[in-house]
Amino acid sequence: MHYPLTPIHCRPWTLNGLSMKLIESHYENNYGGALRRLNAISASLDALDFATAPAYVVNGLKRDELIALNSTLLHELYFACLAFGEGRPTEVMAQALARDFGSVDRWRAEFVAMAGALAGGSGWVLLTWVPRDRRLVNQLAAEHNQGIAGGVPILALDMYEHAYHIDFGANARAYIDTFMRNIDWKAVQARYEDATQVAPPRPLVQPEFADLPSVSAEEVHAMLARGEPVQVVDARPRHYVSRTQDIMEGATWRDPERVHEWAGELTKSEPVVVFCVYGFHVGCRTALALREQGFDARYMAGGHAAWRAIGGKTRSVG
Ligand SMILES: [Fe+2]
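All values reported here derive from a predicted model rather than from experimental measurement. (Residues numbered from 1 in each chain as written. Predicted model: local features only at pLDDT ≥ 70, side-chain atom pairs only at ≥ 80, totals over all residues.)

Let us now look at the overall build of the protein. Broken down by element type, the protein carries twelve helices and ten strands. In summary, the protein has a C-alpha radius of gyration of 27 Å against a globular reference of 20 Å for 318 residues, an excess of more than 25%. Overall size of the protein, expressed as C-alpha extent along the three principal axes, is 80 × 55 × 35 Å. Counting over 318 residues, the protein shows a buried share of 32%. (Helix = DSSP H or I, 4+ residues; strand = E, 2+ residues; numbered from the N terminus. Rg over C-alpha atoms; globule rule 2.2 N^0.38 Å. Buried ≥ 20, exposed ≤ 12 C-beta atoms within 10 Å, placed from the backbone.)

Shown next as structure tokens:
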């Protein structure tokens, strides 16, 4: 595949405190260099016979491809983040930053401190939208190939020395301040609006139990911590429990094959939380059987494994 060049988006002569010489060198040598490397690597990969190529060749080319591709993409974002301005976020971005960082000042302090922490080294500081959590985060990418999986970067600050040395020498702090003044916030807002249209990963539901009420392990943890009345039933299959060593603290084990025998020992005046090993069929079926008998029963999503994964307390049995 051949990657086309993206023309420089910012107007270098309008920038406040970043010289045309610096921007041109950065664009032509570093962005252009990354793109040329990417296309050379891509051509090598296109010509490669993967069935016979040595592993180190495949490894090396694919690693170099990732670095060159991300360097290309981030540089395109960087040049699209710059415009002459006051460095003040638009109203939409100010609200988004305040929502996710507490305030614009707090976001700025973190972003600038992260850039300062890279001074003398190299890397990127990125403002990235994470669709899974529907929020913005500041992230460091000490190399071109470090990015939040599934994240959408909307603002990029290049802290490689080539991005400032021509104008600022070793004074990275002056470069950071100048960059912050030249952020094109309207463009950032446009990318933010596009990024927030990216759908989060779809929830992982068991299709046959999609309508059955569930509760997360975190919620159960909070209910127990608050001392809320709740009957917690460990309904892991007998063959599983007989070789296991621990049980969730506050839970009572019941044989899921004998719901009709023990259901009468529960009270209908308190909710019931049921779980099995991983939260698939057994816990769901048991919760369903209890609901059919009139209990306010829900299954704990993720089961015993989820409880342990959140660091929930267990006690040993046997
Ligand atoms: Fe760069």
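Structure's up, so let's keep going.
Here Arg-134, not a glycine, exhibits a phi torsion of approximately 50°, which is positive. Summarising the element assignment, Arg-134 is placed in the loop between strand 1 (124-130) and strand 2 (135-141).

A word on the pairing of strand 2. Note: strand 1 against strand 2, seven bridges, orientation antiparallel. The residue bridging Val-130 from the neighbouring strand is Arg-135, located in strand 2. Where strand 1 folds back onto strand 2 in an antiparallel hairpin, the turn is made up of four residues, including Arg-134, whose phi is positive at roughly 50°. (Pairing = 2+ DSSP bridges.)

A few words now on the domain arrangement of the protein. It is common to give the size of an interface as the accessible area that goes away when the parts come together. Structurally, the protein comprises domain 1 (12-195) and domain 2 (207-316). Computed from C-alpha coordinates alone, the two centres of domain 1 and domain 2 are separated by 47 Å. (Domains from an automatic or database assignment.)

Time to look at the pairing of strand 9 (residues 297-300). Where strand 4 (residues 214-215) lies against strand 9, two bridges are found, and the strand directions are parallel. The residue bridging Val-215 from the neighbouring strand is Met-300, located in strand 9. Here strand 8 (residues 272-275) runs beside strand 9; their pairing, made up of three bridges, is parallel. Looking across to strand 9, one finds that Val-274 is bridged to Tyr-299. For the crossover that starts at strand 8, traverses helix 11 (residues 281-292) and ends in the parallel strand 9, the hand is right-handed. (Right-handed = clockwise from strand over helix to strand, strands pointing away.)

Right, let's talk about the confidence of the model for the protein for a bit. Averaged over the protein, the pLDDT score is 92; the fraction of residues at 70 or greater is 99%. Per-element mean pLDDT across the protein ranges from 80 in helix 9 (residues 238-241) up to 98 in helix 3 (residues 91-101). (pLDDT = per-residue confidence, 0-100.)

Here we have three strands laid out as an open sheet, ordered 2-1-3, and antiparallel in their pairing. In this open sheet, the two edge strands, each paired with only one partner strand, are strand 2 and strand 3 (152-158). On average, adjacent strands in this sheet sit at an angle of 20° to one another, irrespective of strand direction. The strands that helix 2 (residues 55-80) touches are strand 1 and strand 3; relative to strand 3, the one it contacts most, it runs at about 80°. (Axes fitted to C-alpha atoms, helices over the stretch in contact; angles between N-to-C directions. Contact = placed C-beta atoms within 7 Å.)

Let us look at the environment of Gln-293. Looking at where Gln-293 falls in the secondary structure, it is placed in the loop between helix 11 and strand 9. Under the C-beta neighbour-count criterion, Gln-293 is labelled partly exposed, with 13 such atoms within 10 Å. The sequence separation of Gln-293 and Ala-263 amounts to 30 residues, and the corresponding C-alpha distance is 8.4 Å.

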